[in-house]
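# Structural description and commentary
So you can see what is in the structure, the chains are spelled out below.
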Amino acid sequence: MVNGKMLYVSASPHLRSTVTTRRIMLDVILALMPALIASAVLFGPRTLLVTAVSVSTAILSEYAARKLMKRSATIGDLSAIVTGLLVAFNLPATIPLWIAAVGSFFAIVVVKQFFGGIGQNFANPAIVARIVLLLSFGAQMTNWVAPFTWKTTPVTGATPLALLGTDEQLPSLLQLFLGEHGGCLGETCAAALLLGGLYLLLRRVISPIIPVSYIGTVAVLMLLKGHGDLHFVAYELLSGGLLLGAIFMATDYSTSPLNSKARLIFGIGCGLLTCVMRLFASMAEGVSFAILIMNLLVPFLERLTAPKPFGTPKKEKKEKKEAAKA
Amino acid sequence: MAEKKVSLGKEFTKGLIKENPVLRLVLGTCPTLAVSTSVVNALGMGVSAMIVLICSNIVISLLRKVIPSKVRIPVYIVVIASFVTIVQMLVKAFVPALDAALGVYLPLIVVNCIILGRAEAFAGKHSVIASAVDGVGMGVGFTLALCCMAAIREVIGAGTFLAGAQDLLVLFGDNVLNGFNGFTLIKEGSALSPMTVFILAPGGFFTFGLLMACANRIAERSGKPKAELKGCEACPMAGSCSIRADGGACEDGKEEASA
């Protein structure tokens, strides 16, 4: 007894960090809010409906899947909400609501829960959901609407990336930056995405390595492709899902590498694949496929770049060289 | 080789779930993934493979005392290839639509691991009747697994069920099903549209994994080990493995042991 208080003896840890999965996910949700508001302003209130359907399906499927598999409930960590938001951000505003629900269901049940739940998924659930929907419902997934028309029926066609290379009038860089062009819900407004990314960086939820190396690689390669044309580079960076992918999808904890060297390679690989697909493939966009492929390579990257434990001798490269000389 | 006492009922039922060639032994996955885009194709493929499997099992069992063990694999292949050629010609003659749909996968039954696997693991050392029953069980198991997969993939991926059923029965006349040619579950122009990805390869792999998990679950309940490759003991074919009988271990077992 000290000052009338009981002293408890317990096993470590005695101090716990306040960083929990729930706090991290809450930060990500907050960081996604500017883009959500921007999309509601640009494409009308239907975007909120699409997002609501997608998020609620994600939560329900997570709850039901855990219940059916007799595992502990994990909706409290808010990760299902993040997945639902990201799935919605990858859909056009005209999408039939049931497709949004199918996408969220696929992301949560097939990609996440079948592989063991949060932290165990082999690829980013939202990315896989986007690709599955794109392969399944190609027409509905590319029904873009013009901004500020707030119509649910598709009005104008192509996204800036698809317009590039045609003779049609391209939106100006400022319009691109503010998101005033056709595209998926969350990908158009670069300003809002950058704001969210900055928040995540300041809160130290994500490390800058992946976004910077990803976007940087795309910038360098596009500079080479455009023979030094800076306008073209800015255009490529601000259009399509590059910013959304680089800031929110490629940095997913369970599907990106742990150490900095592997993160650098991961980001550069994403950038390289995105450029290759944008420039040489038949589809206008390559961000989702690039991130998926790099997601699958993460275990190998980590094995390649495993850090040397402190105090252990250096690798046998020199010994091998000496052996070769002798 | 010593003849083992076998119960025919067991030899038949083991092929359905416990030792289902596709879902538990993980054999013949290539035709499974390629052909299971529609139920009619799956049925055609399953029945063709089953006929080859039964016939080759019978002939190999008959010849098991004549075939020198050093050249048994080439002999098995010759026997299997003969039956595949016969089946292929029959299909070409009587069900041309199926031949067109299956394409190269019909002649490729020759290298279907299920058939060679059963010849090696069973027909080579059991009596003719037991081998025939084993062939029927395995063939039915293969067809069932294919049809389950195809049903899921066709309904979700194309919005139809049994589409093209008429083509399969063209032998019995042009209108044997009274104009029935499969159900159309998702009509053209309705609010729903089929999820094409299930017809594509990724959907095939997802469905395959799902069904495998289900088969594992059912087999696990009846006390069989999971179809994980955990050395030779966990292998569902351990009981009839010729390499194990000699005290050795196959490649899979060695790899797992060293890992």
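Note: the structure precedes this text.
I will try to describe carefully the structure that is included in this document. (Residues numbered from 1 in each chain as written. Chains lettered and ligands numbered in written order. Predicted model: local features only at pLDDT ≥ 70, side-chain atom pairs only at ≥ 80, totals over all residues.)

## Some details on the overall build of chain B
A tally of helices and strands in chain B yields 11 helices and two strands. Element order for chain B, N to C, with α for helix and β for strand: α-α-α-α-α-α-α-β-α-β-α-α-α. Here chain B holds 259 residues, and the buried ones make up 37% of them. Considering only contacts within chain B whose residues lie at least 6 apart along the sequence, 75% involve residues at least 24 apart. (Helix = DSSP H or I, 4+ residues; strand = E, 2+ residues; numbered from the N terminus. Buried ≥ 20, exposed ≤ 12 C-beta atoms within 10 Å, placed from the backbone. Contact = placed C-beta atoms within 7 Å.)

## Brief notes about the nonpolar core
Membership of the largest hydrophobic core comes to 139 residues, with the highest contact counts inside it found for Ala88(A), Ala107(A), Ile291(A) and Val52(B). Per element, the largest residue contribution to this core is 12 residues, and it comes from helix H7 (residues 128-158) of chain B. Ignoring anything within four residues of it in the chain, the contact list for Ile291(A) reads Asn124(A), Ile127(A), Gly245(A), Met249(A), Ala250(A) and Cys270(A). (Core = buried A, V, L, I, M, F, W, Y, C linked by C-beta atoms within 7 Å.)

## Description of helix H4 (residues 72-94) of chain B
All names here are of chain B. In this model H4 runs 33 Å from its N-terminal to its C-terminal C-alpha over 23 residues, within 8% of the 33 Å that 1.5 Å per residue would give. For H4, the full list of buried residues reads Tyr-76, Val-79, Ile-80, Phe-83, Val-84 and Val-87. Among the structural elements, helix H3 (39-62) and helix H6 (113-121) are those in contact with the buried residues of H4. (Expected span 1.5 Å × (residues − 1).)

## Quick word on unusual backbone geometry
Of the consecutive residues Ser12(A) and Pro13(A), the connecting peptide bond is found in the cis state with omega at 5°. Among the structural elements, Pro13(A) can be located in the segment before helix H1 (21-43). The phi dihedral of Leu78(A) is positive, around 70°, even though this residue is not glycine. Position of Leu78(A) relative to the elements: it lies in the loop between helix H2 (46-68) and helix H3 (79-89). In the Ramachandran plot, Leu162(B) falls in the positive-phi region, its phi being about 60° despite a non-glycine side chain. With respect to the helices and strands, the residue Leu162(B) is situated in the loop between strand E1 (160-161) and helix H8 (165-168). Residue Leu162(B) is classed as buried on the basis of its C-beta count, with 20 C-beta atoms lying within 10 Å.

## A few points about the environment of Phe83(B)
Residues and elements named next belong to chain B. Along the chain, the position of Phe-83 falls in helix H4. In this structure Phe-83 comes out as buried when scored by C-beta crowding, with 21 C-beta atoms within 10 Å. In sequence terms Phe-83 and Val-52 are 31 residues apart; their C-alpha atoms lie 5.6 Å from each other. Ignoring any residue separated from it by four or fewer positions in sequence, one finds Phe-83 in contact with Val-52, Cys-55 and Ser-56.

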